[in-house]
Amino acid sequence: MADNVRVNWSKLLSRILLYFVVVFICLFILYPYFVMVCTALKSRAEIFAMDGTIFPKVAVWSNFVDIWQKAPMAKYMLNSIIIAGGSTAIAMVCGIPAAYALARMKFKGQTAFLGFIIVSQMFAPVVLLIGIYKVMQILGLTNSLLGLIFINAAFNQAFTIWLLRGTFMSISAEMEQAATIDGCNRVQAMFKVLLPVAAPGIVTTLIFIFINAWNEYTVALCLISTETIKPLTVGINIFNGYNMIEWQYLFASSIFAIVPVVILFMSIEKNLTSGLTAGGVKG
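Reading the values: the criteria
Residues numbered from 1 in each chain as written. Predicted model: local features only at pLDDT ≥ 70, side-chain atom pairs only at ≥ 80, totals over all residues. Heavy atoms only, no water. 1 Å grid on protein atoms, 1.4 Å probe; cavity = no way out; pocket = protein on both sides within 12 Å on 5 of 7 lines; lining within 4 Å. Points joined across faces, edges and corners; volume = space filled by probe spheres on them. Nonpolar A, V, L, I, M, F, W, Y, C, P; charged D, E, K, R; others polar. Helix = DSSP H or I, 4+ residues; strand = E, 2+ residues; numbered from the N terminus. Expected span 1.5 Å × (residues − 1). Bend = angle between axes of the 7 residues up to and from the residue. Axes fitted to C-alpha atoms, helices over the stretch in contact; angles between N-to-C directions. Parallel < 35°, antiparallel > 145°, perpendicular 65-115°, else oblique. Left-handed = near helix turned anticlockwise from the far one by under 90°. Contact = heavy atoms within 4.5 Å. Salt bridge = Lys/Arg side-chain N within 4 Å of Asp/Glu carboxyl O. Buried < 20%, exposed > 50% of the residue type's maximum accessible area, 1.4 Å probe, protein only.

1. A short note on empty space enclosed by the protein
Inspection of the entire model under this criterion finds one cavity of 30 Å³ or more. In this structure, the largest cavity encloses a volume near 30 Å³. As for the largest cavity, its lining consists of Ile83, Leu148, Asn152, Ala213, Glu216, Ala220 and Pro231. Split into classes, the residues belonging to the lining of the largest cavity amount to five nonpolar, one polar and one charged.

2. What about the layout of surface pockets?
The space that makes up the largest pocket amounts to roughly 250 Å³. Around the largest pocket sit 16 residues that line it, and Phe123, Pro125, Phe155, Asn156 and Asn212 are the ones nearest its centre. Sorting the residues of the lining of the largest pocket by element identifies helix H7 (145–169) and helix H11 (218–223) as the ones contributing at least two each. Considering every element that reaches the lining of the largest pocket, the biggest residue donor is H7, with five residues. By volume, the second largest pocket is sized at about 220 Å³. Ser120, Ala154, Phe155, Gln157 and Ala158 are the residues nearest the centre of the second largest pocket, which is lined by 13 residues in total.

3. A look at helix H4 (residues 73–104)
In this model, H4 (32 residues) spans 45 Å end to end at C-alpha, consistent with the 46 Å of a helix rising 1.5 Å per residue. When the local axis directions of H4 are compared, the greatest deviation, roughly 30 degrees, occurs at Gly95, which is followed within four positions by the proline Pro97.

4. Quick notes on the packing of H7 against helix H10 (residues 199–215)
Packed helices, taken two at a time, are described by their axes: the angle between them and the distance between them. Viewed as axis vectors pointing N to C, H7 and H10 meet at an angle of 160 degrees, and their least axial separation amounts to 10 Å. If you check the angle between H7 and H10, you find them roughly antiparallel. Crossing geometry of H7 relative to H10 is assigned as right-handed. Along the contact surface, H7 presents Asn152, Asn156, Phe159, Thr160, Leu163, Leu164 and Thr167, while H10 presents Gly201, Ile202, Thr205, Phe208, Ile209, Asn212 and Ala213.

5. Looking at the pattern of salt bridges
Considering all chains together, one arrives at two salt bridges under this definition. Here Arg44 makes a salt bridge to Glu246, at a shortest N to O gap of 2.8 Å. Placement of Arg44 in helix H2 (residues 44–47) and of Glu246 in the loop between helix H12 (232–235) and helix H13 (247–267) is noted, with a sequence separation of 202 residues between them. Residue class for Arg44 comes out partly exposed when judged on its relative accessible area of 38%. Relative accessible area serves as the criterion here: at 17%, Glu246 is assigned to the buried category. Ionic pairing is found between Lys230 and Glu227, a salt bridge with its closest N-O pair at 3.1 Å.

And the structure:
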């Protein structure tokens, strides 16, 4: 009886410790966002006050209205949606056939090609920035949304291929073989059998590409100079002046930049876990 009591107390204490660690990590992660929201609700005078606190004394909700009047926020958000959506579509259209070929076909140089894909992920855009600018200048895409779409699609291509290859390899090839027996060719079997089964992994890959393109800043800052075609990440710098930073507007606009990503994650939450674990076990 005493042993059972000790075991129960041990399980209870370990569970309490686990909950405490989880709550601490959550608070640690969410604290910057909490400060962002509080600052977005302050007035300029309160932000620079010597006796200021984290919590706003009076919530200034008009800050969220003012940013739409002081900057073309709607245009910035539309540009970001076009860039992220376009680059995601291109990366998926090119990445799905490539990942399928690497997962199902054997050819000479396959190992070297996979190694090249991994190596290409080691180069950050900032390292290749001068070369990117020169190429875009030659192509006449230095100040256009199309140039950013191509660049974001290119930098997310290796991630797309690698993740989808693992997803396709986790699906049994016998399913496609059965489809070919029923009269489907390889392409039909891929679209009618493989892709529906791989939907969680495809959705997860799509979301990560979209978020990477949505958050991209460095390349867009260097390539885009026209105010009306700046993405949201670059456009909100309008509140970062030479003489003063309007923190209340900068944080308010940052919240608008976060909201679409949060909504996107909430909409695919059920598929996210299964998509991330796809490819962990080969079928």
